[in-house]
Amino acid sequence: MTVTTENAPKVKASQGYFGRAMKRVEDPRLIKGIATYVDDLKIPGVLHAEFVRSPHANAKIKSIKTDTAKKLQGVVGIFTGADVNDKVGTIPCASPIPGGKSPEHTVLAGARVYFVGHPVAVVVAETRTIARDALDLIEVDYEPLPAVIDPEKALEKDSPLTHPELGTNVAFTWSLPGGDVDGAFKEADSVLKLRIIHPRLTPMAIEPRGCAASWHAGESSLTLWTSTQIPHLVRTLLPGLIRIPENKLRVVAPEVGGGFGSKLNLYAEEAVVSHLAMRLDRPVKWIEGRRENAAATTHGRDQIADNEIAIQKDGTVLAIRSKIIADVGSYWQLLTPAIPTLTGLMLCGCYKLKAVRVDLTGVHTNKMSTDAYRGAGRPEAAYMIERVMDLVASELGLDPVEVRLKNMPESTEFPFTTATGLLYDSGNYQDALEKAQELAEWPKLIKERDAARKAGRLFGIGLSTYVEICALGPSKTMAAGGWEWGCVRIEISGKVTVITGATPHGQGQETSFAQIAADWLGVPIEDIVVLRGDTATAHFGRDTYGSRATALGGSAIVMSIEKIVEKAKTLAAALLKSTPKEIEFKNGKFFVNGDGKNALGWGQLASEAYIAKNLPPGFEPGLEASSFFEPPNCTFPFGTHIVAVDVDRETGQVSILKYIAVDDCGKQVNPLLIEGQVQGGIAQSVGAALMENTVYDENGQLLTGEFMDYAIPRAKDIPDFILGSTETPSPSNPLGVKGVGEAGTIGATPAIANAVVDALSPLGIRHLDLPFTPERVWRAIQEKGGRS
Amino acid sequence: MKLAATYVFRALPEKVFAALIDPAILQKCIEGCEKMEKTGEDTYDANIKIGVAGIKGSYVGKVRIEEKKPPESITLQAEGKGGPGWVKGTARIQISPEGEGSELECESEGQVGGLIAQVGSRLVEAVGKKMQDEFFRKLGKYLEG
Amino acid sequence: MIPAAFDYFRPSTLDEALGLLVKHGEDAKVLAGGHSLIPAMKLRLSQPKVVVDIGRIGDLRSIGERDGKIAIGALTTHFEIESSDLLLRSCPLLPEVAGQIGDVQVRNKGTIGGSCVHADPAGDWPAAMLALDAEFEITGPRGSRTVAANDFFVDMLTSAVESGEILKSIRVPVTPKTVAYVKIAQKASGFALAGVAAVVDKAQKSVAVAVTGVAAKAYRAAGAESSLRGLDLSAATIATAAQKAANGIDPLSDIHASAEFRAHLARVQTKRALELAASRG
C-alpha cells in the first residue's frame, strides 16, 4: 500500500515543528528531580509490603512459620499462598500458543516454588523497615528438588520435570513452513551449518518495579499506580484476577524509570498488592529492590538455534532451516511464547530467500520467565541472519557487502513479501548501506585493516544490514487489538490538550506529539499539553511497546485533528457567513478563500463552540474529537551498522574503534529523540555483545543478581558514534513514520559480532558465541593455537 | 564448588576417625560453630556462623554421617539455612596410615543458594577452601595434643 | 535494601572513636567512606549493632612528607590521592592506582584506609601497598603499632587491624618515575580480574611486582622479581620474568574468569606493567 491522495492527511502541516530537533518538555522535571515516580507518591495511611522469596529453584514448601514475624510491632498482616491463591485469579498470558502447555500461575507460590525469587509470602507493615525486619523472622521450610536448568538437557527422556503435572518440559512447539524448503535445498550447491546461541539478558531498568493500590470503599473502586508500560492492558487483565468490574479500576502509570519490555506485563506482585489493599481496606505500596528485579522481573532472549543454510556458489542464499530452542523459564507471563515466534517471522532479514522453515520449541526450566526485552525476538533474528550472511561470505571467499547486495530486494520491489509471509511496507536497503559505507570511509577502513593485520593486530570490520518489524499491528493479527487511540481537545481558551492512549515512559511523546499537534493545528507549541498514562484520562489505549507509539498514536492524533478541523470549518463558515467549501484553513487560521484579513483563530472558534450562543443549526457544541487508528500493516524500519574493532590477542579484550549507524525510521518527527533512541539501543547492544549474560548455576541459583556481577555498559564503554539516517516513508500510516525505539538494539549486536569474528578470522575462527568476554575470546584464540 | 585436598596428621587412623565423629571435637574445630549436638546414631544438629570479616551469617542445620567404614573412610553431609541463604555440602574422607600417623584425603562438594549465591559467588569457593583448611588445621592441633 | 537497625555515632576525635570501639567491642564497625560497608549493610550481609562514623576526624585526612617518606592519612579519599601534586612528584604509583578505582563518585567518597582494611581480594590498593612495601600505622587501646604491608593483608577480606583498632595512616617511600599500575577490570564491578603494580629501580637493578584480583589476597610475585634481580630490563628479560607471575598461588575462579585465565592475566599484566614502568625513565 502506498500513500495516495485518498489516505494522505487532508490537513497540511505548517510551522515546521514536524521534523525539528527540539529539546524535550519532559526533561526539566526529570533532571531537577521533581518528577513523581511510584515511590514518590504520598498516600495517607499507606502500608508497606515486602515479599518473601524462594532461595531455591525447585522445591516443595513444607511449612511457612509466620508467628514470630506477626508479633513484630507494626506488622499488620502476613499472607501466604494459602491465604491468597483462592481469592485472586492466576496470571494470564495474552498470547498462548495452540497446543502449548501453560502451567497454572498462582500469584503466590502454592505447594512448590519454581524459580529463585518466586514470591512465597508477603508482609504488610506500617513502615518499609518493619516489613523488611519481619522478613528475617519468617521461616520457610523447603524440600529442595533437582533443578531443570539446561534447556537441551530438559528435553532428554530422563530429565526431571519443571512442572510434573504437565508431563513434559516442552512448553510449546511452533512451526513456520515458509515456502518449499526441501525444493530449495535440492537446488543448493552446498549447505552450511551454524549453531548460534543468544544468551539470556536482564533488562535492568534504572527504576525497578513498584506499585501502590488504594481501595475506595465508598465507591467499591480501586486505583492502582504502577511503574508500568501498559496501564490500559493492566486495566483490562487485572479485574478478572481481583474480581472487580473493569470500570471500577483505574490504573495510573506515573513517571516510569525505564521499561525496555520488562514492564510490559501484568505481574503477581501487582495483583497481590491490589488484593491486599481491598482486603485490608488500607492503601498498600510495594517498591522492588534491585536483587528482586534481577531475579523476578522478566528476562530477555535465551535462544539456541541450529541452522542449515542452502546456498549457491555465487552467494545466493536460497533457504534456511532453523531449529530453535527457547528457554522460557517456569511460567508464561504476558507474551512469553510469542517473543521467539517473532524471531521466526523475521528470520529472512532483509533478503529474498526462497524459503524458510522454522521449528521452535519452548522449554520450561526453573528460571524466571522470559518475555519482551527491547527488540523482543527481532534482535535474535537479525543476529542470526547477519551472522549467516558473513558466514556465507567467508565460506565462499566473497565480500560480505557483495553477498548482502546480491540477496537484497531493490527499492522498486516494495511492498515485498518475505518467505515467512510478511509484507515489508517500504525499504531502500541499498541506500542505507551506501550511506553507512560513505560515513565509515569504507575503502580507508579496509586499508586500515590490511595494515593492522600486517602488523600482527587482530583488527576486524563488521556490518549488519538489518530490517525489523515494529508498530504492531493490524488488530486481526494481534492478541487483542493493535489500534491506538488519540484525543484532541481545543479548550475554551484556545489552548490544546492532547490525550494519547500510548504510554511513553522515556520515549518523548509529550514533546513529539505536541510537535505534531502544533504543526497540524497551527498553534504555538507552548499552548499544547500532552497527557498520558492514566486510564481515567486516556480512556482507551494500547500503551507503549514494540516501537508503536508515534506511528500509531501519532496517527490517531492526526485523525482527531482532521475531524476537528472539519467541524471548525463548518463553524467558521457560519460565523463568516459563507459555506464550508469556501473556507480555507492555513497556519491555524480559518478564512474565506482569498479573504485572509477576516480570519478566525482557534481561540475565537473554541469560545463560540463552547459558549454556544451562535451555533448554526445542527452543530454540536465543542471542538474535540477522538479516534482509533487501525494500521493496515506493521512498519519495517531498517538500516546498516558498521563497526571496527581491535582484539587484544593476549587478554581477549575487545575495543570498539569506530561505530557507524545509518537507520531509516521513515519520516522523522524529532531527530533529537531519534538519535537518543538509536544511541540507547546501541548501548544495550554493546552490553549484549561484550558483557551481559544472565547466569544460573546448575542448581538454578542466579549468580548475576546484582550489578557487581551483571555487567551493563557504563558511559566509558560506549563508543563515539557516527550517526546518519535515510528516510523511506512508511505507507502504513498517514505520518509516514516507522518505529525507532528498538532499531539500535537490533542492528548493533550483529555488526559488533561480525566485527569480532572478522578480527579473529585470520586465526581460522569462523564463529564465536556472545558475549565476547575476555576469557571467551582468549580461549577461542588459544584453541586455534594463536599465540598469547 | 568442588575441593580436593590432602592433610597429614601425627595420629593413627583410629584416633583421627574417632575425632571426626565426636561432636565436642567437631565443634572445637569448626570455626564459628556455636552448637554441635548429637541427635541420633549418625545425626547432629548444628549452628554455625560462616563468613569472612564483617560479612558473617548464622546458619542452622544438620550434619549426617552418610557412610562410614571405621577407620578408613567416612562421608559427611551437612546442610543449613540462615538469613543470607542456604548451604549444603558433602565431604568424602579417606584415612590411611602414613608412617607413624595418617594421611587424610578429603574430597568435598558444596552448594550455596539465596543471597550469598546472588551477590557473593566469587567468594564462595575461597571461603569454602579456607573453612576446610582451617578445620583440618585445628583438627591436627587437637590430635597432636 | 534496608539495613538492620543500628546505633550511629560520629566521634570528632580519634580517641573518642577508640573509646566507642572499646565500649561496644564486636558489636561495632567503623564507617569511613562507606562504599564497602554500606552496600553490605543494605544487603544485611553485615549487621553491626553499632556504626562508628569516623568520617569527620580531620586528623586522619592528610598527605605530607615526614622523615623522607610520605604519610597519608587513612581517611584520604582516592580522589585526593589522584590529584595530589606531592604524590604525582614523589610517589606517582599512588595517583595512577587511585585514578583507576571505580568511578568518579566512588573516588570522591572512598578512602585509602577503608579500602585497605576491607582487603577485598580484587581491590586496587593492596597491589600498590605491597609493591611499595608500605607501612601501616594502627592505633588501638594498647597504643600504636606499625605493620608492614606483607603482614597487613592477612587473608581475603581480612587485614591486620583487629577489633577495637583503627588504621591511622600509611607510609610510603619516595620512588622514581619508573612505576606503573595496569589493570584489567571485571566489567560489572570494576574490581580487578588482574591488577599489577610494578616499581622499577633501575639504579639498584631490582623490581617490585604485586598482583591483585588473582588470588585470595594480593601478593608479591617473588618469582618474577628474583628473575630480574641484577639484570637490565629488556623485552626479553621482562617476558621471561613475567612467566613466573602466577607461581605458587591458588588463583580464584568465578563466572567472570577461571583460575587458568586469571593466572594467565597475572603473567600478561606483569609483563605490561614492567614494560610500562621501565619506559617511564
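Rules behind the numbers
- Residues numbered from 1 in each chain as written.
- Chains lettered and ligands numbered in written order.
- Predicted model: local features only at pLDDT ≥ 70, side-chain atom pairs only at ≥ 80, totals over all residues.
- Heavy atoms only, no water.
- Helix = DSSP H or I, 4+ residues; strand = E, 2+ residues; numbered from the N terminus.
- Buried < 20%, exposed > 50% of the residue type's maximum accessible area, 1.4 Å probe, protein only.
- Contact = heavy atoms within 4.5 Å.
- Areas by Shrake-Rupley, 256 points an atom, 1.4 Å probe, with all protein chains shown as cover.
- Lys, Arg positive; Asp, Glu negative; His and termini not counted.
- Charge placed at Lys NZ, Arg CZ, Asp CG, Glu CD.
- Rg over C-alpha atoms; globule rule 2.2 N^0.38 Å.
- Pairing = 2+ DSSP bridges.
- Phe/Tyr/Trp six-rings, centres within 6.5 Å; stacked < 30°, edge-to-face > 60°.
- Core = buried A, V, L, I, M, F, W, Y, C linked by side-chain atoms within 4.5 Å.
- Axes fitted to C-alpha atoms, helices over the stretch in contact; angles between N-to-C directions.
- Left-handed = near helix turned anticlockwise from the far one by under 90°.
- Salt bridge = Lys/Arg side-chain N within 4 Å of Asp/Glu carboxyl O.
- Buried area = accessible area lost by both parts, 1.4 Å probe.
- Polar contact = N/O pair within 3.5 Å; in protein donor to acceptor, adjacent residues only side chain to side chain.
- Arc of directions from axis to C-beta.
- Disulfide = S-S within 2.5 Å.
- pLDDT = per-residue confidence, 0-100.
- Parallel < 35°, antiparallel > 145°, perpendicular 65-115°, else oblique.
- Nonpolar A, V, L, I, M, F, W, Y, C, P; charged D, E, K, R; others polar.

Here's the deal with the overall build of chain B
In step 1: Helix and strand counts for chain B stand at three helices and seven strands.
In step 2: Sequence-ordered secondary structure for chain B, helices as α and strands as β, is β-α-α-β-β-β-β-β-β-α.
In step 3: Projected onto its principal axes, the C-alpha coordinates of chain B cover approximately 45 × 30 × 25 Å.
In step 4: Classification of the 145 residues of chain B by burial places 46% in the buried group.
In step 5: Sequence-distant contacts in chain B: of pairs separated by 6 or more residues, those separated by 24 or more amount to 47%.
In step 6: Looking at chain B as shown, the accessible area adds up to about 7,300 Å², and 51% of this sits on carbon and sulfur atoms.
In step 7: Of the charged side chains in chain B, 21 are positive and 22 negative; the average position of the first set lies 7 Å away from that of the second.

Description of the overall build of chain C
In step 1: Scanning chain C from terminus to terminus reveals twelve helices and 14 strands.
In step 2: A compact globule built from 281 residues would reach a C-alpha radius of gyration of about 19 Å, and chain C, at 19 Å, matches this within 12%.
In step 3: Principal-axis analysis of the C-alpha atoms places the extent of chain C at approximately 60 × 45 × 35 Å.
In step 4: A buried classification covers 54% of the 281 residues belonging to chain C.
In step 5: In chain C, of all internal contacts separated by at least 6 residues, the share reaching a separation of at least 24 is 60%.
In step 6: Of the accessible surface of chain C, which amounts to about 11,100 Å², a share of 50% is contributed by carbon and sulfur atoms.
In step 7: Computed over 31 positive and 30 negative side-chain charges, the separation of the two mean positions in chain C equals 3 Å.

Here's the deal with the pairing of strand β14 (residues 317-329) of chain A
Residues and elements named next belong to chain A.
In step 1: In terms of residue burial, β14 counts as a mostly covered element, since eleven of its 13 residues are buried.
In step 2: For strand β13 (residues 300-311) and β14, the ladder comprises nine bridges, and the chain directions are antiparallel. In the strand pairing of β14, isoleucine 309 is matched with isoleucine 320.
In step 3: Counting the residues that bridge the hairpin from β13 to β14 gives five residues, and of these glycine 315 lies at a positive phi of roughly 100 degrees.

Remarks on the packing of aromatic side chains
All names here are of chain A.
In step 1: Evaluation of the coordinates by the stated rule reveals 23 aromatic pairs over all chains.
In step 2: Plain terms: the ring middles of tyrosine 424 and phenylalanine 636 are 4.7 Å apart, the flat faces sit at 35 degrees to each other, and that makes the pair tilted. In this pair, tyrosine 424 sits in strand β17 (residues 423-424) while phenylalanine 636 sits in the loop between β25 (624-629) and β26 (638-647), placing the two residues 212 residues apart along the sequence.
In step 3: Taking the relative accessible area as the measure of exposure, phenylalanine 636 reaches 1% and is therefore buried.

Here we look at the nonpolar core
In step 1: Tyr424, Ile642, Leu690, Ile752, Leu760 and Phe772 of chain A are the most contacted members of the largest nonpolar core, which totals 99 residues.
In step 2: Not counting the four nearest positions on each side in its chain, phenylalanine 772 of chain A is found in contact with Val654, Ala689, Leu690, Ile752, Ala753, Val756 and Val777 of chain A.
In step 3: Of all hydrophobic cores here, the second largest spans 48 residues; its members include Ala11, Ile65, Cys106 and Phe136 of chain B.

Section: the sheet that holds strand β1 (residues 2-9) of chain B
Residue and element names in this part refer to chain B.
In step 1: As summarised here, the arrangement of the seven strands in space is β1-β7-β6-β5-β4-β3-β2, forming an open sheet in which the pairing is antiparallel. The two strands at the open ends of the sheet, each matched to only one other strand, are β1 and β2 (33-38). Strand after strand, the sheet turns through a mean of 25 degrees between neighbouring axes, direction not considered.
In step 2: Bridge analysis of strand β5 (residues 73-82) against strand β6 (residues 85-98) gives ten bridges, and the strand direction is antiparallel. By the bridge assignment for β6, glycine 80 is matched with valine 87.
In step 3: Most of the contacts of helix α1 (residues 13-20) go to β6, to which it runs at about 165 degrees, and overall it touches β1, β4 (55-69), β5, β6 and β7 (101-113).

Quick notes on the packing of helix α11 (residues 378-396) of chain A against helix α19 (residues 743-760) of chain A
Residues and elements named next belong to chain A.
In step 1: At a closest axis distance of 8 Å, the pairing of α11 and α19 adopts a crossing angle of 35 degrees. Considering how the two elements wind past one another, α11 and α19 form a crossing that is right-handed. For the pair formed by α11 and α19, the contact residues are Arg378, Pro379, Ala382, Tyr383, Glu386, Arg387 and Asp390 on the first element and Thr745, Ile746, Thr749, Pro750, Ala753, Asn754 and Val757 on the second.

Quick notes on the sheet that holds strand β15 (residues 355-364) of chain A
All names here are of chain A.
In step 1: With mixed pairing, five strands are arranged side by side in an open sheet as β7-β15-β14-β13-β8. On the outer flanks of this sheet lie β7 (170-178) and β8 (190-201), each paired with one strand and no other. On average, adjacent strands in this sheet sit at an angle of 10 degrees to one another, irrespective of strand direction.
In step 2: When β8 meets β13, the two strands line up antiparallel, connected through eleven bridges. Within β13, the residue paired with isoleucine 196 across the bridge is alanine 305.

Re the pattern of salt bridges
In step 1: Within this structure, the stated rule accounts for 81 salt bridges over all chains.
In step 2: Between glutamate 650 of chain A and lysine 271 of chain C there is a salt bridge, with the nearest N and O atoms lying 2.5 Å from each other. Of this pair, glutamate 650 of chain A sits in the loop between β26 and β27 (654-664) while lysine 271 of chain C sits in helix α12 (residues 259-279), which puts the two residues in different chains. For the pair glutamate 650 of chain A and lysine 271 of chain C, one class covers both residues: buried.
In step 3: The salt bridge partner of arginine 145 of chain C is glutamate 165 of chain C, with a shortest N-O separation of 2.8 Å. Remark: glutamate 165 of chain C occurs in the loop between β9 (158-159) and β10 (166-173) and arginine 145 of chain C occurs in strand β7 (residues 143-148); sequence separation between them is 20 residues.
In step 4: For glutamate 165 of chain C, a relative accessible area of 6% translates into the label buried.
In step 5: Sharing partners across several salt bridges, the network here consists of Arg53, Arg209, Glu269, Glu288 and Glu292 of chain A.

Focus on the interface of chain A and chain B
Accessible area lost on assembly of the parts is the figure often given for the size of an interface.
In step 1: Contacts between chain A and chain B engage 14 residues on the former and twelve residues on the latter.
In step 2: Here chain A and chain B share an interface that buries about 1,200 Å² over both sides, 48% of which is from carbon and sulfur atoms.
In step 3: For the chain A face of the interface with chain B, the top three residues by lost area are Arg291, Asn699 and Gln701 of chain A, together amounting to 36%.
In step 4: On the surface where chain A and chain B come into contact, there are one salt bridge.
In step 5: For aspartate 141 of chain A, the salt bridge goes to lysine 81 of chain B, with nearest N and O atoms at 3.5 Å.
In step 6: In this assembly, chain A and chain B are joined by six residue pairs in polar contact (both at pLDDT 80 or more).
In step 7: Among the elements of the structure, β6 (139-144) and α9 (290-296) of chain A are those that each provide at least two residues to the side of chain A that touches chain B.

Concerning α1 of chain B
In step 1: Where α1 of chain B is concerned, the buried positions are Pro13, Val16, Phe17, Ala19 and Leu20 of chain B. The buried residues of α1 of chain B occupy an angular sector of 160 degrees when the element is viewed end-on, so they sit on one face.

Here's the deal with the state of the cysteines
In step 1: Within the structure shown, the criterion is met by zero disulfides over all chains.
In step 2: As a non-bridged cysteine, cysteine 93 of chain A has cysteine 634 of chain A as the owner of its nearest cysteine sulfur, 19 Å distant.

Here we look at the confidence of the model for chain C
In step 1: In this model, chain C carries an average pLDDT of 96, and 100% of its residues clear a pLDDT of 70 or more.
In step 2: At the level of chain-chain contacts, confidence expressed as ipTM amounts to 0.95, with global pTM at 0.94.

Examining the interface of chain C and chain A
In step 1: The interface of chain C with chain A comprises 22 residues on the first partner and 29 residues on the second.
In step 2: Approximately 2,200 Å² of surface area, both sides summed, lies buried where chain C meets chain A, with 54% of it carried by carbon and sulfur atoms.
In step 3: Viewed at the interface, chain A and chain C are joined by seven salt bridges.
In step 4: Ionic pairing is found between arginine 272 of chain C and aspartate 648 of chain A, a salt bridge with its closest N-O pair at 2.7 Å.
In step 5: Summed over the shared surface of chain C and chain A, the number is 15 residue pairs in polar contact (both at pLDDT 80 or more).

A few points about the packing of α1 of chain B against helix α3 (residues 115-143) of chain B
Two quantities define a packed helix pair, namely the angle between the axes and the distance from one axis to the other.
Residue and element names in this part refer to chain B.
In step 1: Between α1 and α3, whose axes approach to 11 Å, the crossing angle comes to 120 degrees. By the criterion of interaxial angle, the relationship of α1 to α3 is oblique. Between α1 and α3 lies a crossing whose hand is right-handed. Taking contact as the criterion, the partners of Lys15, Val16, Ala19 and Leu20 in α1 are, on α3, Phe135, Leu139, Tyr142 and Leu143.
In step 2: Residues belonging to the contact of α1 with α3 are distributed by class as follows: seven nonpolar, no polar and one charged.

Description of the environment of alanine 502 of chain A
Residues and elements named next belong to chain A.
In step 1: Structurally, alanine 502 can be placed in the loop between β20 (496-500) and α15 (509-521).
In step 2: Of the residues examined, alanine 502 reaches a relative accessible area of 0% and is grouped as buried.
In step 3: Contact partners of alanine 502, with chain neighbours within four places excluded, come to Glu484, Arg532, Gly533, Asp543, Thr544 and Ala549.

Quick word on the environment of arginine 24 of chain A
Residue and element names in this part refer to chain A.
In step 1: Assignment of secondary structure puts arginine 24 in the segment before α1 (27-32).
In step 2: Classification of arginine 24 by relative accessible area gives buried; the value is 18%.
In step 3: A C-alpha to C-alpha distance of 39 Å links arginine 24 and alanine 131, two positions 107 residues apart in sequence.
In step 4: With near-sequence residues (within four places) excluded, arginine 24 lies in contact with Leu30, Gly506, Gln507, Gly508, Thr511 and Leu673.
In step 5: Engagement of the side chain of arginine 24 in a polar contact is seen with the backbone oxygen of glycine 506, the distance being 2.7 Å.

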